[in-house]
Amino acid sequence: MLRRDKAQHIFDRAMKVLAKGVSSNFRYWGPEATPVLARGKGARVWDADGNEFIDYRLGWGPIILGHADDRVNEAVRMAIDNGTTFAATTELEVTVAEKLVAMIPGMEMLRFTNTGTESTMHALRVARAFTGREKFIKFEGAYHGAHDYALFSTASSPIAAMGSRTSPIPVQNGSGIPRGIREYVITVPFNNVEHVERVLKSQGSNIAAMLLEPCLGNIAGLEPDPDLLPQLRKLCDEYGIVLIFDEVKTGFRLSNAGARDTYGVIPDLSTYAKSLGNGFPVAAFGGKREIMDIIGPGSVTHAGTFGANGVAMAAANAVLDTLAEKPVLADLARRGQRLKSGLDEVLSEYGVSHQMSGHPNMQGFLITEKPITDVRGLAHHDAAMYAAILDNLYQLGVWAEDDAREPWFLSVAHTDEIIDETLNKFEDAVKLAVK
Ligand SMILES: Cc1ncc(COP(=O)(O)O)c(C=O)c1O
């Protein structure tokens, strides 16, 4: 077993002053198992006891260039000497926005925010204001952040409470969300265009937006059927609905232009956070000029004291320059594919029935006998076997979440040698689990 003395001591202190000892619910793994981290560099992290891990959690996605990337850190170091928060536009903010518009097809205008939660919340508001409608379609299993509107039928919701596939029930995540909010959300299964068509036939004229993760970044990166996104695009055009891609996990990760490039469909609006700052808090939402243009004093509120602050802009500027200079994400996908094929081979060799999933840069696997295409399919995956393998792997110094829903994230710092080391250790972890 890995040492945990120091981590436990720190976490005991944490439990006294932080609710459940953490600053985000998903980080809490119980009073004696919650990790305490000390530092990260490149593809590796070290915990409070000095245990070293190859990191595939990567802060749940943001670390696209590797932890403590020298170029991003240097840009931030220089920015803080200039002061960071002025409640005013800066030239760097304009420069970063220009780079985003140049990099992302269909991105004509945007606003900066600080988190993915803020981005999806504001994108929804803008879509409502633009269409004059109030409801929106949310796909089961997707996570769009912690605001009230989107906390329905996520990957953490009990599947048994979601009702039938033909008549899904929006399942509220936890207490504290006003009951009335449910009126505004229509949950639909992922990868089921026929169902969406039926919903639109009866309610299409009341729906402002269709908000979706183009691939399910909160369910092992499950990808859309080839016709899903083109069909949704068509339906949104037919019914005057704003198509919003939540690219908080896919943006600046699958490719420079994100999921629209990978899957060939351009949404009306999209939201970004995570990889845009390589670990620094920066986010954005934007898209068609005619939609974004309605934001403004007295018309549609978007505000934020820290929006486009100097640290956020310096980090984003360095990330975008790094991505633009060389095809680092395409190279990463090649290594990601090596990892994916290697994991697949090991699982097959040891007779573990499984399904590989996701894009090479944000991938996963599910231990299952039957194909899984949406959150409901998780009812028949073997969560315990997955956790057993991943817990063994953690003990061997490779850290991906032991919950199959959270994908394995790769960074530019994950070299071929690191992939080889991972695959060797993965084989040992599987061998132990199937014994
Ligand atoms: C797809 C997606 N959207 C939105 C969010 C919320 O982002 P944040 O945690 O920055 O508020 C997340 C967070 O994991 C996410 O995965």
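Residues numbered from 1 in each chain as written. Predicted model: local features only at pLDDT ≥ 70, side-chain atom pairs only at ≥ 80, totals over all residues.

S.K.: Would you explain the overall build of the protein chain in this entry?
M.R.: When helices and strands are tallied, the protein chain shows 12 helices and 14 strands. For 435 residues, the compact-globule estimate of 2.2 N^0.38 gives 22 Å, and the C-alpha radius of gyration of the protein chain, at 21 Å, lies within 12% of that figure. Across its three principal axes, the protein chain shows a C-alpha extent of roughly 60 × 55 × 45 Å. Within the protein chain, the fraction of its 435 residues that count as buried is 48%. Looking at the protein chain alone, contacts between residues at least 24 apart form 72% of all its contacts between residues at least 6 apart. (Helix = DSSP H or I, 4+ residues; strand = E, 2+ residues; numbered from the N terminus. Rg over C-alpha atoms; globule rule 2.2 N^0.38 Å. Buried ≥ 20, exposed ≤ 12 C-beta atoms within 10 Å, placed from the backbone. Contact = placed C-beta atoms within 7 Å.)

S.K.: Could you clarify how one ought to interpret the sheet that holds strand β1 (residues 37–41) in this entry?
M.R.: Two modes of strand pairing occur in sheets, parallel and antiparallel, and in both the strands are linked by backbone hydrogen bonds. Reading across the sheet, the 4 strands line up as β1-β2-β3-β13 and stay open at both edges, with mixed pairing between neighbours. Each edge of the open sheet is held by one strand with a lone partner, namely β1 and β13 (398–399). In terms of strand pairing, strand β2 (residues 44–47) meets strand β3 (residues 52–55) through 3 bridges, oriented antiparallel. By the bridge assignment, R44 is partnered in β3 with I54. (Pairing = 2+ DSSP bridges.)

S.K.: How do you make sense of the site of the ligand when you look at a structure like this?
M.R.: Close contacts around the ligand come from 15 residues, with T115, G116, T117, G145 and V248 the closest. Among the residues forming the shell around the ligand, the class breakdown is 4 nonpolar, 8 polar and 3 charged. (Near = placed C-beta within 6 Å. Nonpolar A, V, L, I, M, F, W, Y, C, P; charged D, E, K, R; others polar.)

S.K.: Explain helix α9 (residues 310–325) to me, please; I cannot follow it from the model alone.
M.R.: Each α-helix winds once per 3.6 residues, and so residues spaced three or four apart point in a common direction. Between its first and last C-alpha atoms α9 spans 22 Å; for 16 residues at 1.5 Å apiece the expected length is 22 Å, and the two agree. Taken together, the buried positions of α9 are occupied by G310, A312, M313, A314, A315, A316, N317, A318, V319, L320 and L323. On its buried side, α9 packs onto α2 (70–80), α3 (91–103), β4 (109–113) and α10 (328–349). (Expected span 1.5 Å × (residues − 1).)

S.K.: I tried to follow the nonpolar core on my own but got confused; where do I start?
M.R.: A general tendency of soluble globular proteins is for nonpolar side chains to be buried together. If you look at the biggest cluster of nonpolar residues, it comprises 123 residues, and the most contacted ones within it are A127, A209, M210, V242, I244, A315 and V319. If one sorts the elements of this core by residue count, α9 sits on top with 9 residues. Here this core spans two domains, and each of domain 1 (36–68 + 328–434) and domain 2 (70–325) adds at least three residues to it. Setting aside its immediate chain neighbours within four residues, A209 contacts L124, A127, F136, I241, V242 and I244. (Core = buried A, V, L, I, M, F, W, Y, C linked by C-beta atoms within 7 Å. Domains from an automatic or database assignment.)

S.K.: How should the sheet that holds strand β11 (residues 354–359) be read in this particular structure?
M.R.: What the 3 strands build is an open sheet, ordered β11-β12-β14; its pairing is antiparallel. In this open sheet, the two edge strands, each paired with only one partner strand, are β11 and β14 (408–409). Pairing geometry for β11 and strand β12 (residues 362–367), over 6 bridges, is antiparallel. Looking across to β12, one finds that Q355 is bridged to L366.

S.K.: Looking at this structure, how should I read the domain arrangement of the protein chain?
M.R.: How big an interface is tends to be stated in terms of the accessible area lost upon association of its parts. Segmenting the protein chain into domains produces domain 1 (36–68 + 328–434) and domain 2 (70–325). Contact with domain 1, which involves 27 residues of that partner, is made by 34 residues of domain 2. Within the residue set of the side of domain 1 that touches domain 2, elements represented by two or more residues are α10, β11 and β12. Among the elements that take part in the side of domain 1 that touches domain 2, β12 stands out by supplying 5 residues, more than any other. Here the residues of the side of domain 1 that touches domain 2 are counted per class, giving 15 nonpolar, 9 polar and 3 charged.

S.K.: Please clarify how the packing of α3 against α9 should be interpreted in this entry.
M.R.: In a pair of packed helices, the angle between the axes and the distance between the axes together describe the arrangement. Between α3 and α9, the shortest axis-to-axis distance is 10 Å and the interhelical angle comes to 35 degrees. For the crossing formed where α3 meets α9, the hand is left-handed. Residues L92, E93, T95, V96, K99 and M103 of α3 touch α9, and the partners they reach there are M313, A314, A316, N317, L320 and A324. Here the residues of the contact of α3 with α9 sort into 8 nonpolar, 2 polar and 2 charged. (Axes fitted to C-alpha atoms, helices over the stretch in contact; angles between N-to-C directions. Left-handed = near helix turned anticlockwise from the far one by under 90°.)

S.K.: Looking at this structure, I do not really get the pairing of β1. What am I missing?
M.R.: For a regular strand, side chains alternate in direction, first toward one face of the sheet and then toward the other. As paired elements, β1 and β2 share 4 bridges and run antiparallel to each other. In the sheet register, R39 faces β2, and the bridge partner there is W46.

S.K.: Hey, could you run me through the packing of helix α11 (residues 383–395) against helix α12 (residues 416–434) in this one?
M.R.: Where α11 contacts α12, the axes come no closer than 8 Å and their chain directions differ by 130 degrees. Put simply, α11 runs oblique to α12. Regarding α11 and α12, the two cross each other, and that crossing is right-handed. Every residue of α12 that contacts α11 at M385, A388, I389, N392 and L393 is listed here: K425, F426, A429, V430, L432 and A433. Its residues assigned to classes, the contact of α11 with α12 comprises 9 nonpolar, 1 polar and 1 charged. (Parallel < 35°, antiparallel > 145°, perpendicular 65-115°, else oblique.)

S.K.: Explain unusual backbone geometry here, please?
M.R.: With phi around 65 degrees, W60 is a residue other than glycine that occupies positive phi space. Relative to the helices and strands, W60 is located in the loop between β3 and α2. Since 18 C-beta atoms lie within 10 Å of it, W60 is described here as partly exposed.

S.K.: Looking at this structure, I do not really get the environment of L423. What am I missing?
M.R.: Looking at where L423 falls in the secondary structure, it is placed in helix α12. On a C-alpha basis, the gap between L423 and V328 in space is 22 Å, while along the polypeptide they are 95 residues apart. The residues touching L423, leaving out its near neighbours within four places in the chain, are G342 and V346.

S.K.: Any chance you could explain α11 here in plain terms?
M.R.: Helix length check: α11 (13 residues) gives 18 Å between terminal C-alpha atoms against 18 Å at 1.5 Å per residue, within 8%. Every buried residue belonging to α11 is among Y386, I389, L390 and L393, and all of these are buried. Angularly, the buried residues of α11 cover 90 degrees about the axis, an arc narrow enough to put them on a single face. Packed against the buried residues of α11 are β12, β13 and α12. Among the residues trailing α11, G397 stands out with phi positive, at a value near 95 degrees. (Arc of directions from axis to C-beta.)

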